[in-house]
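# Topology and contacts: notes
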Amino acid sequence: MNPTQRGAVKRTVAEKDNLHPRNPHRGRYDFSRLIVGTPELAGFVATNEYGDESIDFANPKAVKALNRALLQLVYGVSGWDIPPRYLCPPIPGRADYLHYLADLLAEDHGGAVPRGPAVRVLDIGTGANCVYPLIGQHEYGWQFVGSDIDSVALVNAQRIVDANQLNDAITLRLQPVHSAIFSGVFQPGELFDLTMCNPPFHASVAEASAGTQRKWRNLGKAGKKALNFGGQEAELCCDGGEEGFVSRMVAESARYPDRSRWYTTLVSKSASLPAVYAALNKACVQDSRVIAMSQGQKQSRIVVWSFRGMPNQKQVTRHE
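Here, residues in each chain are numbered from 1, in the same order as that chain's written sequence. For a predicted model such as this one, the threshold for reporting local features is a pLDDT of at least 70, and the threshold for listing and counting side-chain atom pairs is 80 or more; totals across whole chains, interfaces and linings nevertheless cover every residue. The side-chain values count all of the structure's non-hydrogen atoms but skip hydrogen atoms and water molecules.

## What about the overall build of the chain?
Rules: Under the DSSP-based scheme used, a helix requires at least four consecutive residues in state H or I and a strand at least two consecutive residues in state E, with every element numbered from the N terminus. Partly exposed describes any residue whose relative accessible area lies between the buried limit of under 20% and the exposed limit of over 50%, with all areas from a 1.4 Å probe on protein chains only and scaled to the type maximum. When checking whether two residues touch, look at their non-hydrogen atoms; a contact exists if any pair is within 4.5 Å. What sets the accessible areas is the Shrake-Rupley method with a 1.4 Å probe; for residues, cover comes only from the shown protein chains.
Along the chain, the regular secondary structure elements total 9 helices and 9 strands. Out of the 320 residues in the chain, the part that is buried amounts to 53%. In the chain, 69% of the contacts between residues at least 6 apart in sequence involve partners at least 24 apart. When the accessible area of the chain is evaluated, it comes to approximately 14,500 Å², of which 52% is carbon and sulfur surface.

In structure tokens form, the structure reads like this:
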């Protein structure tokens with residue numbers, strides 16, 4: 001069944017062509033339907049300068065209310081909430097990542113997206129929001145393991161899983177070693193079809209703060225301190241930033257070449273790509289590529305790699 005037939009938000013204007021064709025968020029938000037299921041959203045909706053209903057995306061409370069409404073209406077998730085100052089991710093972009101990964105899996109299935117619990121996905125850094133497993137399970141019926149180094153985040157994610165009776169579909173695991181990614185999460189003999197990750201972007205809290213201030217200045221809101229999408233330090237920062245984290249992920253994946261058909265990660269900054277390419281080549285991956293993504297003015301990409309390669313493809317396929 002098409003996602004738009006399963007309670008997706010009605011498309012009220014021209015589609016957003018930069019989102020994946022199966023993404024149910026390609027049209028403007030139908031706030032009248034969203035408010036029915038999440039009445040508190042009404043307090044944040046107003047008519048903008050273009051005459052359209054919208055929210056103030058600089059307001060963290062408004063963003064959280066919109067997320068709760070979207071997850072309820074489109075994905076059937078009830079009782080979704082996150083603790084204060086935890087990452088509140090934009091739902092359309094998170095859904096896009098999953099739909100592109102579904103296309104990746106379809107390559108091994110005659111072009112048909114595999115559905116159901118036989119498909120197993122590891123979400124590295126699932127966070128308090130648990131968004132990737134929630135969306136992926138609803139859209140494709142896949143089984144998920146979500147890992148995180150933050151026990152508080154996992155307690156909240158487990159509350160969401162319990163509230164929606166998804167314990168058979170979503171398992172959560174604490175990563176006990178903060179410097180590790182797969183080690184300590186992979187269990188003996190365990191195999192996955194995919195791993196996925198939205199890595200920390202910044203190398204330090206100072207760098208994250210500076211980036212936030214640039215964003216607010218560009219929006220004409222200089223002086224604001226808060227991130228509209230929030231985020232704990234571990235969600236936003238790590239040694240070496242995005243470039244360092246992904247490079248370490250690639251290196252560690254080489255220790256487990258047969259544990260996942262595809263290893264994947266988001267890469268937000270194009271400046272991170274040269275180091276990622278070097279890490280992939282050093283790891284001797286057999287198949288790799290970069291999948292471009294965009295949402296509005298934001299450009300991003302998914303880097304994917306595998307140790308089960310295509311014949312004669314030994315180096316990184318560079319699309320940027």
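The discussion continues.
## A look at the nonpolar core
How we decide: The set of buried Ala, Val, Leu, Ile, Met, Phe, Trp, Tyr and Cys residues whose side-chain atoms join them within 4.5 Å is what this entry labels a nonpolar core.
The biggest cluster of nonpolar side chains holds 59 residues, and the ones touching the most others in it are L41, W80, W142, I170 and I302. The element contributing the most residues to this core is helix 3 (residues 91-106), with 10 residues. With 27 residues, the next largest nonpolar core counts L122, V246, Y263 and W305 among its residues.

## With respect to the pairing of strand 9 (residues 298-306)
Where we set the bar: Strand pairing is defined by DSSP finding a minimum of two bridges between the two strands.
Most of strand 9 sits out of view: 7 of its 9 residues are buried. Strand direction decides the pairing type here: strand 7 (residues 260-267) and strand 9, joined by 5 bridges, are antiparallel. Bridge pairing in strand 9 places Y263 opposite W305. Of the strand pairs in this sheet, strand 8 (residues 287-295) and strand 9 are connected by 9 bridges, and their pairing is antiparallel. Bridge pairing in strand 9 links Q295 to K298. Counting the residues in the hairpin turn of strand 8 and strand 9 gives 2 residues, including G296, whose phi is positive at 65°.

## Focus on the pattern of salt bridges
What counts is decided by this rule: Any Lys or Arg side-chain nitrogen found within 4 Å of a carboxyl oxygen on Asp or Glu counts as a salt bridge.
Applying the stated criterion across every chain, the model contains 10 salt bridges. In this structure, K64 and D81 form a salt bridge, with 3.4 Å as the shortest nitrogen-oxygen distance. Within this pair, whereas K64 is found in helix 2 (residues 60-75), its partner D81 is found in the loop between helix 2 and helix 3, the two being separated by 17 residues in sequence. K64 sits in the partly exposed class, given a relative accessible area of 21%. Given the relative accessible area of 31%, D81 is considered partly exposed. D108 is the partner of R261 in a salt bridge, and the nearest nitrogen-oxygen pair spans 2.9 Å. Here the residue R261 occupies a position in strand 7, and D108 occupies one in the loop between helix 3 and strand 3 (120-124), the gap between them amounting to 153 residues.

## Topic: the sheet that holds strand 6 (residues 192-197)
Selection criterion: Under this scheme, a helix contributes an axis fitted over its contacting stretch, all axes are lines through C-alpha atoms, and angles between N-to-C directions fall in the 0 to 180 degree range.
With respect to topology, 7 strands assemble into an open sheet ordered 5-4-3-6-7-9-8, the strand pairing being mixed. Edge positions in the open sheet fall to strand 5 (170-174) and strand 8, since each of these has one partner strand only. The sheet shows a mean angle of 20° between the axes of neighbouring strands, direction not considered. Each of strand 6, strand 7 and strand 9 touches helix 8 (residues 241-253); the most contacted strand, strand 7, lies at about 175° to it.

## So, the confidence of the model for the chain
Note the following rule: Residue-level confidence of the predictor is what pLDDT reports, using numbers from 0 through 100.
In this model, the chain carries a mean pLDDT of 85, and residues with pLDDT of at least 70 account for 79%. Confidence drops under a pLDDT of 50 for residues 1-15, and excluding neighbours within four residues, the segment shows 36 contacts in the predicted structure. Ignoring residues within four places in sequence, the model shows residues 204-217, a span with pLDDT below 50, making 24 contacts including any to other chains.

## So, unusual backbone geometry
Positive phi, close to 55°, is recorded for Q165, a residue that is not glycine. In this fold, Q165 is placed in the loop between helix 5 (151-163) and strand 5.

## Digging into the packing of aromatic side chains
Formally: For Phe, Tyr and Trp, rings pair up if their centres lie within 6.5 Å, where Trp contributes its six-membered ring, and each pair is then called stacked (planes under 30 degrees apart), edge-to-face (over 60) or tilted (otherwise).
Using the criterion set out here, one finds 10 aromatic pairs in the structure. With 5.3 Å between their ring centres and 10° between their planes, F182 and F186 make a pair best called stacked. Owing to a relative accessible area of 0%, F182 belongs among the buried residues under this scheme. When the centroid spacing of 5.9 Å and the interplanar angle of 35° are considered together, the rings of F186 and F192 count as tilted. You'll find F186 and F192 in the same group, each marked buried. Among the aromatic side chains, those forming a connected cluster through ring pairs are F182, F186, F192, Y256, Y263, W305 and F307.

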